[in-house]
Amino acid sequence: MAKKVAVIGAGVSGLISLKCCVDEGLEPTCFERTEDIGGVWRFKENVEDGRASIYQSVITNTSKEMSCFSDFPMPEDFPNFLHNSKLLEYFRMFAKKFDLLKYIQFQTTVLSVRKCPDFSSSGQWKVVTQSNGKEQSAVFDAVMVCSGHHVLPHIPLKSFPGIERFKGQYFHSRQYKHPDGFEGKRILVIGTGNSGSDIAAELSKKAAQVFISTRHGTWVMSRISEDGYPWDSVFHTRFRSMLRNVLPQTVVKWMIEQQMNRWFNHENYGLEPQNKYVMKEPVLNDDLPSRVLYGAIKVKSTVKELTETSAIFEDGTVEENIDVIVFATGYTFSFPFLEDSLVKVENNMVSLYKYIFPAHLEKSTFACIGLIQPLGSIFPTAELQARWVTRVFKGLCSLPSERTMMMDMIKRNEKRIDLFGKSQSQTLQTNYVDYLDELALEIGAKPDFCSLLFKDPKLAVRLYFGPCNSYQYRLVGPGQWEGARSAIFTQKQRILKPLKTRSLKNSSNFPVSILLKILGLLAVVVAFFCQLQWS
């Protein structure tokens, strides 16, 4: 008899969890509190309590080839970075392709998830839900929490003395939808994360003046990288990941600083991070530097105090006649349907083995999916999490002892602090390629480069020097997809297809391309033996 699995939430993590359950022969039931799929990526004009909210113009920060699910490439005519409506279209295609909607109970809120009395032997859970005012309960063999972490706005008003005197309008960025109604205003945006930078850049096109206040500064990257390719298809390669791992951290951080300042000098723009050697997640914004360059946005330091109409900053400067303050100060998260003894949130942190499993449970039948911020796309990350989790539920993979898991969690947190710092916004941060490989190794889906180098050297070169995308984890192991190799070799075609909308005569670069391939093959051999020496 198939094990019954409760999946909480029908956003990105929920959808891929459903598919992984079905792939493993499990029987999932998904509870979604709203009327549709998509989670944070489904734009609505009105803000709803308990649901993530985005502004109308949101575009993905990770490209389509690095964000698609591993056995379902996005259509080649889709743009490389997707508007939220286009991404939602992809999710609908995915749900239809794998017939996932039949497993979802919409407009159903999960009230509680509790261990059954015989949990130590059965590992089962009692899940209480509410729909149309009626409560129901059911017993499940396992639970996957996929409810996200961008729901509860963090507004630290106590850190802004005088806010109670301010006569203008102020609100959290989750309430912002579009720039209409802000014409001619003088606006202060507090926070330079992705949302704050997006909102500041968009408002500056209609406002009289926009100020953006940053506490620690930030690196700002363009979505466009070398030769016009998407940034993540260039940055996230196994070769570059290997270099970041084997070189001394001081050298790596220096290299990242040089790379970040290649587009523009952050110090000149007042954006240089206070601790530039902490690998804080960069902001992806193609407009912010240009808006600063011609004065539409002015970068300011931390707000020291607010008056009825002005903002006083730590550097002693004052900006008068402020009409609107937007708090782009991030989010906190909680799980009101769970007991603290199961998953306790403290200082925006949770103690989970590999960001997924509580270490103290007698039975490994509970998991959180997508509760992480990789330096890359969340979609392939959540997918590999779900692939591993469903195999653990099925008994095909096992977890180590509680002591081993606790030691791993301590070491992982120490490494995270060393790399990313102690900021509340970085508590779920992790390296991208390393983490994907770690999960893939658990299920036997990590490519074996040693054997590939001899069996399929062309593929080995592509895997090592090309973009580390999700297709790589369908080449071998459970869930192997026969289209994976082809998807890897045709990804450049899908990247360029939406760009080449004007016909041009082809220019021959045959000799150069052959030379580069030969050099690439030699480099992968050298890199491989270097890794053997370092391991």
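Not measured: the values here are computed from a predicted model.

Chemist: Honestly, the pattern of salt bridges in this entry has me stumped. Any pointers?
Modeler: Note on pairing: side chains with opposite charge can pair once their charged atoms come close. All told, the structure shown has 30 salt bridges when counted by the stated rule. The shortest N-O distance in the salt bridge between Glu 24 and Lys 394 comes to 3.8 Å. With Glu 24 in the loop between helix 1 (12-23) and strand 2 (27-31) and Lys 394 in helix 10 (residues 378-394), this pair connects stretches of sequence that are 370 residues apart. You can call Glu 24 buried: its relative accessible area is 13%. For Lys 394, a relative accessible area of 40% corresponds to the partly exposed category. For Glu 48, the salt bridge identified is with Lys 44, shortest N-O distance 2.6 Å.

Chemist: I tried to follow helix 5 (residues 194-203) on my own but got confused; where do I start?
Modeler: Every α-helix carries 3.6 residues per turn, so stepping three or four residues along brings you back to the same face. Across the 10 residues of helix 5, eight count as buried, placing the element largely inside the fold. Considered for burial, the residues of helix 5 that qualify are Gly 196, Ser 197, Asp 198, Ile 199, Ala 200, Ala 201, Glu 202 and Leu 203. Looking at the buried residues of helix 5, the elements they touch are strand 10 (186-190), strand 11 (209-213), strand 13 (283-284), helix 9 (288-293), strand 14 (297-300) and strand 18 (324-327).

Chemist: Looking at this model, I keep getting lost on the sheet that holds strand 16 (residues 311-313). Mind explaining?
Modeler: Pairing between the strands of a sheet is mediated by backbone hydrogen bonds and can be parallel or antiparallel. As summarised here, the arrangement of the three strands in space is 15-16-17, forming an open sheet in which the pairing is antiparallel. The strands lining the two open edges of the sheet, one partner per strand, are strand 15 (303-306) and strand 17 (318-319). Strand direction decides the pairing type here: strand 15 and strand 16, joined by three bridges, are antiparallel. Bridge assignment links Leu 306 to a residue of strand 16, and that residue is Ala 311.

Chemist: Could you clarify how one ought to interpret the nonpolar core in this entry?
Modeler: Soluble globular proteins: nonpolar side chains tend toward being buried together. Counting 101 residues, the largest nonpolar core has Tyr 90, Phe 91, Met 144, Ile 187, Phe 357 and Trp 388 as its most contacted members. Take this core: its biggest share by element is eight residues, from helix 10. Looking at which domains feed residues into this core, each of domain 1 (4-151 + 333-439) and domain 2 (155-222 + 263-330) supplies at least three. If we ignore the near neighbours within four places in the chain, the residues touching Phe 91 are Val 12, Leu 15, Ile 37, Gly 38, Trp 41, Phe 69 and Phe 379. Counting residues in each nonpolar core, the second largest holds 23 residues, with Val 127, Phe 335, Phe 337 and Leu 361 among its members.

Chemist: How do you make sense of the domain arrangement of the chain when you look at a structure like this?
Modeler: Interface size is commonly expressed as the accessible surface area that is lost when the partners come together. Parsing the chain into structural domains produces domain 1 (4-151 + 333-439) and domain 2 (155-222 + 263-330). Its C-alpha centre places domain 1 at a distance of 31 Å from the equivalent point of domain 2. Each partner contributes to the interface: domain 1 provides 24 residues, whereas domain 2 provides 16 residues. Around 1,600 Å² of area is buried between domain 1 and domain 2 when both sides are counted, 46% of it from carbon and sulfur atoms. For the pair domain 1 and domain 2, the interface holds zero salt bridges. Between domain 1 and domain 2 we count 10 residue pairs in polar contact (both at pLDDT 80 or more) in total. Each residue belonging to the side of domain 1 that touches domain 2 can be placed in one class, and the counts come to nine nonpolar, 11 polar and four charged.

Chemist: Can you help me understand a nonpolar patch on the surface in this one?
Modeler: Together, Leu 515, Leu 516, Ile 518, Leu 519 and Leu 522 line one region of the surface with nonpolar side chains, adding up to about 510 Å² of accessible area. Along the chain, Leu 522 turns up in helix 17 (residues 510-534).

Chemist: Any chance you could explain the packing of aromatic side chains here in plain terms?
Modeler: Two measures describe an aromatic ring pair: the distance that separates the ring centres and the angle between the ring planes. Within this structure, the stated rule accounts for 29 aromatic pairs. Arranged with centres 6.4 Å apart and planes meeting at 70°, the rings of Trp 41 and Phe 379 form a pair that is edge-to-face. Of this pair, Trp 41 sits in the loop between strand 2 and helix 2 (64-67) while Phe 379 sits in helix 10; the two residues are 338 residues apart in sequence, bridging distant segments of the chain. The class for Trp 41 is buried, based on a relative accessible area of 16%. Phe 379 gets classed as buried once you look at its relative accessible area, which sits at 3%. Here Phe 357 and Trp 388 contribute two aromatic rings whose centre-to-centre distance is 5.2 Å and whose plane-to-plane angle is 85°, an arrangement assigned as edge-to-face. Here the residue Phe 357 occupies a position in the loop between strand 19 (331-332) and strand 20 (366-368), and Trp 388 occupies one in helix 10, the gap between them amounting to 31 residues. Of the two residues, Phe 357 and Trp 388, both sit in the buried class. One aromatic cluster is present, built from ring pairs that chain together Trp 41, Phe 69, Phe 72, Tyr 90, Phe 91, Phe 94, Phe 98 and Phe 379.

Chemist: Would you mind showing me how to read the packing of helix 1 against helix 10 here?
Modeler: The geometry of a pair of packed helices is captured by two quantities: the angle between their axes and the separation between those axes. Interhelical geometry of helix 1 versus helix 10 gives an angle of 35° and a closest axis separation of 9 Å. The two elements helix 1 and helix 10 meet at a crossing, and its hand is right-handed. Along the contact surface, helix 1 presents Val 12, Ser 13, Ile 16, Ser 17, Cys 20 and Cys 21, while helix 10 presents Phe 379, Ala 382, Glu 383, Ala 386, Arg 387 and Thr 390.

Definitions and limits used
- Residues numbered from 1 in each chain as written.
- Predicted model: local features only at pLDDT ≥ 70, side-chain atom pairs only at ≥ 80, totals over all residues.
- Heavy atoms only, no water.
- Salt bridge = Lys/Arg side-chain N within 4 Å of Asp/Glu carboxyl O.
- Helix = DSSP H or I, 4+ residues; strand = E, 2+ residues; numbered from the N terminus.
- Buried < 20%, exposed > 50% of the residue type's maximum accessible area, 1.4 Å probe, protein only.
- Contact = heavy atoms within 4.5 Å.
- Pairing = 2+ DSSP bridges.
- Core = buried A, V, L, I, M, F, W, Y, C linked by side-chain atoms within 4.5 Å.
- Domains from an automatic or database assignment.
- Buried area = accessible area lost by both parts, 1.4 Å probe.
- Polar contact = N/O pair within 3.5 Å; in protein donor to acceptor, adjacent residues only side chain to side chain.
- Nonpolar A, V, L, I, M, F, W, Y, C, P; charged D, E, K, R; others polar.
- Patch = residues over 30% accessible without salt bridge, like charges linked within 9 Å, V, L, I, M, F, W, Y side chains within 5 Å.
- Areas by Shrake-Rupley, 256 points an atom, 1.4 Å probe, with all protein chains shown as cover.
- Phe/Tyr/Trp six-rings, centres within 6.5 Å; stacked < 30°, edge-to-face > 60°.
- Axes fitted to C-alpha atoms, helices over the stretch in contact; angles between N-to-C directions.
- Left-handed = near helix turned anticlockwise from the far one by under 90°.

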